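Spelled out, the chains give:
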Amino acid sequence: MATNEAEAASIPAEFPCDEYVIKAQVLAGGRGKGHFDNGFKGGVHLTKDPSAVPSLCTAMIGNKLITKQTPPGGVPVSKVMVAEAIDITRETYFCIVLDREHNGPVIVASPDGGVDIEDVAERTPERIMKMPVDIHTGVTDEMAKEIAVFLGFSGSSYLMNQCTDQVQKLYKMFLDVDCLQLEINPLAETPQGMIYTADAKLGFDDNASFRQKAIFDMEDTTESEPREVEAAKHNLNYVQLDGNIGCLVNGAGLAMATMDIIKLYGGEPANFLDVGGSVQEGQVKEAFRIITEDDKVKAILVNVFGGIVNCATIANGIVNACKSIDLKIPLIVRLEGTNVDNAKQIIADSGLAILSAENLDDAAKKAVAALN
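Read on for an overview of the structure. (Residues numbered from 1 in each chain as written. Predicted model: local features only at pLDDT ≥ 70, side-chain atom pairs only at ≥ 80, totals over all residues. Heavy atoms only, no water.)

**A look at the sheet that holds strand β6 (residues 80-84)**
Strand order in the open sheet made by the three strands is β3-β1-β6, with antiparallel pairing throughout. In this open sheet, the two edge strands, each paired with only one partner strand, are β3 (44-47) and β6. Geometrically, the sheet is characterised by an average inter-axis angle of 20° between neighbouring strands, direction not taken into account. Taken together, the four bridges between strand β1 (residues 20-24) and β3 define a ladder with antiparallel strand orientation. Each residue of the ladder has a partner; that of V21, found in β3, is L46. Contacting β1, β3 and β6, helix α2 (residues 53-60) runs over the sheet at an angle of about 10° to β1. (Pairing = 2+ DSSP bridges. Helix = DSSP H or I, 4+ residues; strand = E, 2+ residues; numbered from the N terminus. Axes fitted to C-alpha atoms, helices over the stretch in contact; angles between N-to-C directions. Contact = heavy atoms within 4.5 Å.)

**Comments concerning the state of the cysteines**
Following the criterion strictly, the structure yields zero disulfides and no others. Free cysteine: C179, not disulfide-bonded; nearest cysteine sulfur from C95 at 9.8 Å. Note on C247: no disulfide assigned, nearest cysteine sulfur contributed by C322 at a separation of 15 Å. Residue classification places C247 among the buried positions, given a relative accessible area of 1%. (Disulfide = S-S within 2.5 Å. Buried < 20%, exposed > 50% of the residue type's maximum accessible area, 1.4 Å probe, protein only.)

**Here we look at helix α1 (residues 5-14)**
Buried within α1 are the following residues: A8, I11 and P12. Summarising the axial view, the buried residues of α1 lie within an arc of 85°, below the 170-degree limit, and thus occupy one face. Looking at α1, the residues exposed on the side facing more than 90 degrees away from the buried face are A6, A13 and E14. Tucked into the core, α1 has its buried residues touching β1, α2 and β6. Among the residues of α1, the N-terminal cap falls to N4, whose side-chain oxygen and the backbone nitrogen of A6 are separated by 3.2 Å. (Arc of directions from axis to C-beta. Polar contact = N/O pair within 3.5 Å; in protein donor to acceptor, adjacent residues only side chain to side chain.)

**Things to note about the pairing of strand β13 (residues 237-240)**
Here is the key point about a regular strand: its side chains alternate between the two faces of the sheet. Side-chain alternation along β13 places Y238 and Q240 on a buried face and N237 and V239 on a face that remains uncovered. Sheet topology places β13 next to strand β15 (residues 271-274); four bridges connect them, and they run antiparallel. Counted as the bridge partner of N237 is D274 from β15.

**Quick look at the environment of D206**
Relative to the helices and strands, D206 resides in the loop between β12 (200-204) and α6 (213-216). Each C-alpha atom of the pair D206 and E126 lies 34 Å from the other, and the pair is 80 residues apart in sequence.

**Re the sheet that holds strand β2 (residues 35-36)**
Overall, antiparallel pairing links the three strands, which are arranged β2-β4-β5 in an open sheet. A single partner strand is all that each edge strand has here, and the edge strands are β2 and β5 (75-76). Judged from the two bridges that link them, β2 and strand β4 (residues 64-66) form a sheet pairing that is antiparallel. What sits directly across from H35, in β4, is I66.

Put into structure tokens, the structure is as follows:
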């Protein structure tokens, strides 16, 4: 792995091999067909010339890679992986994903690997197999053999046995590390009759972070929006947007509705922020801090329906947050539900210039009007 020019220069001597593959390490697919903001083409390169490795690495490091799966401006490349290239005679695709429709894992396989699976699905859908897996029985020998045959590894018992073994082991790993997605592209065959998981992308269940600490400690947040990373530390669900009305809401559905009605009245939400049902006063304070760190925010709308959450908890958090950060922009608050009368009294007694709203419609109108 190279993160700078010096590390890149040392790789050929420390890691001699016949052919190298150099890959930009970013959390997006389509790297091979991507391009960099400096004009360099491709986030994946092959070379048999050891002297070319450092220059290929430095052409990527520190620049933004733009692919079909990145934002339009690309994502920064801070690491480049250098590995030994293998000769590949055939490329297939194998994936396990948790699927809501099937209420469990589904295996997706195709004999056409090494390319964007979306393109295969669009052009030749018959070349894709989808196989739901019963979480209680797992991947049986018969299921693994059926997948191996579909992928084209039935030419010899050696290939068949390799493929079925790898399919079952990959499924076991999928369960053991709490994956949401395990994608192998390509699952490759070599001239020597070996099957390799030549490239992989894994996604993990955030709810399992307590038992997968070693994996989550490896998380690279350099490509993420800093406020989103900060919010996650406080168990807040935050997504940065481009508007100027900050939103603090409990519940994802209510948060979406709040953003929609802001837009209905001519405003633009600056963020999605769901504080959740078990929010504490300290989290409300952190939410306000994160929202107000966005210079584009010119007003804040708080919309809380207290079912699980106690409105008084939100009210105390709002008052303490306003005092601690010395809030200078308009704040509109709509509270309804559990302990709402006490919550409204807390806000009224605070002496702060907080605009109360009777309902979501009223709150959105007031938030948009406060910008003028």
